[in-house]
Amino acid sequence: MQDFLKINDNDNVVVALNTIPAGEKITVSVGDGQKTVIAREEIPAGHKMAIFDIPEGGEVIKYGYRIGNAKENITEGSWIHTHNVKTALGDLLEYTYNPTPVEEKKTEDVTFMGFNRPDGKVGVRNEIWVIPTVGCVNNVATAIAKQANAFVKGSVEEVIAFPHPYGCSQMGDDQEHTRKILADLINHPNAGGVLVLGLGCENSNIDVLKPYIGDYDENRVKFLVCQEHEDEIADSVEVIKGLIDYASKFEREPISVSKLVIGMKCGGSDGLSGITANPLVGRFSDLLISKGGTTILTEVPEMFGAETILMNRCANEELFHQTVDLINDFKNYFKSHNQTIYENPSPGNKKGGISTLEDKSLGCTQKSGSALVKGVLQYGDTVKTPGLNLLSAPGNDLVAATALAAAGAHIVLFTTGRGTPFASPVPTMKIATNSRLAGKKSNWIDFNAGVLVEDKTMEEETKALFDLVVETASGRQVCSEAAGFHDMAIFKQGVTL
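Residues numbered from 1 in each chain as written. Predicted model: local features only at pLDDT ≥ 70, side-chain atom pairs only at ≥ 80, totals over all residues. Heavy atoms only, no water.

Caption draft 1: Representation of the sheet that holds strand E19 (residues 373-377) in the model. The strand order across the open sheet formed by seven strands is E19-E20-E18-E17-E21-E22-E23, and the pairing between neighbours is parallel. At either margin of the open sheet sits one strand with a lone partner, and together these are E19 and strand E23 (447-448). Relative to strand E20 (residues 387-391), strand E18 (residues 294-297) runs parallel, the two sharing four bridges. Each bridged residue has a counterpart across the sheet, and for Thr295 the counterpart in E20 is Leu388. Packing against the sheet, helix H10 (residues 397-406) makes contact with strand E17 (261-267), E18, E20 and strand E21 (411-416), and its axis sits at approximately 170 degrees to E17. (Pairing = 2+ DSSP bridges. Helix = DSSP H or I, 4+ residues; strand = E, 2+ residues; numbered from the N terminus. Contact = heavy atoms within 4.5 Å. Axes fitted to C-alpha atoms, helices over the stretch in contact; angles between N-to-C directions.)

And the structure:
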């Protein structure tokens, strides 16, 4: 395996696949020929090295796009990172719709073994969820789930509580977001039964929440207000016994993958994220969509700098304008809090070789593949249109993954170059960008995309990832599930009373 990779013919940098020692000579393809570049200093794995002289103010090109401008004169062979490159992006921008021609492909259907629900939805899990309306009853919800798991039977897999700190003392959009996310999760088809656990005096009490939930199956969704019961834990466990009886009647059966909704998220990126795991997820997305399925891309701040790629793949001008609003609304959110729009906030990103937000975004958006954008969702919206959808949510891993689940994702694909054990309300599959991480944290990582710079092809690994997603949809646990991890986080933007 070579020690470096030139991603695009137009790039003026290469990415080190392994650490390149100072003084090492590398031979790079340039146009119709080759040139030899000597590393002027050690280039850490995942980081960039200049293969041409770049003048101060000149563009640094990676993926065939500008990822920033040189802060100083950069000599070929130099390490390129935050010390000598800066973002070239500004604040709010004017955009023009320039549609990119996209060939929509259809491929043969595949089935997974899932749960058909009476309302026409499908689930990939048959769990009982305990959802608190307010953080005050979090520990009660956890205690209920712990006791109720003793009564799990048949096709029911687990009783899970989803504690969160909200539901009261919130104002405006924050309260509205809490109600929408809770309602979305209550209606999620991975839950065969749901106990909505209220306190009784909270702002988002059960009576307030019910209109957000809408029509529901009274056999599947039950409500309990703790202040109205002498022993809320014992009474809740009895309710859950009935939910288990109901949910255990469902059995796995063959279902078309066209019914699958898969969320896509990245976190803790490194210099290989945009070379291995993210483009692999993009290929997976294209393949699922070609079979009639649905994918959702989120973390809007990590679209900044690559947003026009998505805008020009919008299926129509209305979706283009919705995507412009998606981007600019998030920029205005940053500005309203006097925060820098184009900051790269993660030390892990920088340590892994990401130098600017453009660098991060151009890798991040590769998870979208090449399909047309068919839907644009606000935070708390649920997916309605098959194909590729964009969802408004921040880059925070737990908040974004929860938003994907609330939007209807059955599974979340999470690419990472740094590693993380977190989970979400739905199976969260960790895809490593490099083999070192996959080997070191096999208890966290479900799939190793690092082999793409070793001995495997994109076609091979796309099929392998697709097969693993089908297995996971059919009941195979991901690492975080096997560890018993289940996380949920709601987006907070405003004042807490």
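Structure shown, so let's carry the discussion forward.
Caption draft 2: Spotlight on the sheet that holds strand E13 (residues 159-161). Here four strands make up an open sheet; going across it, the order is E13-E12-E14-E15 and the pairing parallel. The sheet terminates laterally at E13 and strand E15 (221-225), the two strands that pair on one side only. Here the strands of the sheet are splayed against their neighbours by 20 degrees on average, with no regard to which way each runs. Seen against the sheet, helix H1 (residues 138-148) touches strand E12 (127-132), E13 and strand E14 (191-198) and runs at an angle of roughly 170 degrees to E13. Here helix H4 (residues 232-247) sits on the sheet and contacts E12, E13, E14 and E15; the angle it forms with E14, its principal contact strand, is near 160 degrees.

Caption draft 3: Region of interest: the nonpolar core. Core analysis: the biggest nonpolar cluster contains 91 residues, and Phe112, Leu413, Ile431 and Leu465 have the highest contact counts within it. Grouped together as the second largest cluster of nonpolar side chains are 23 residues, Ile144, Ala161, Leu224 and Ala247 included. (Core = buried A, V, L, I, M, F, W, Y, C linked by side-chain atoms within 4.5 Å. Buried < 20%, exposed > 50% of the residue type's maximum accessible area, 1.4 Å probe, protein only.)

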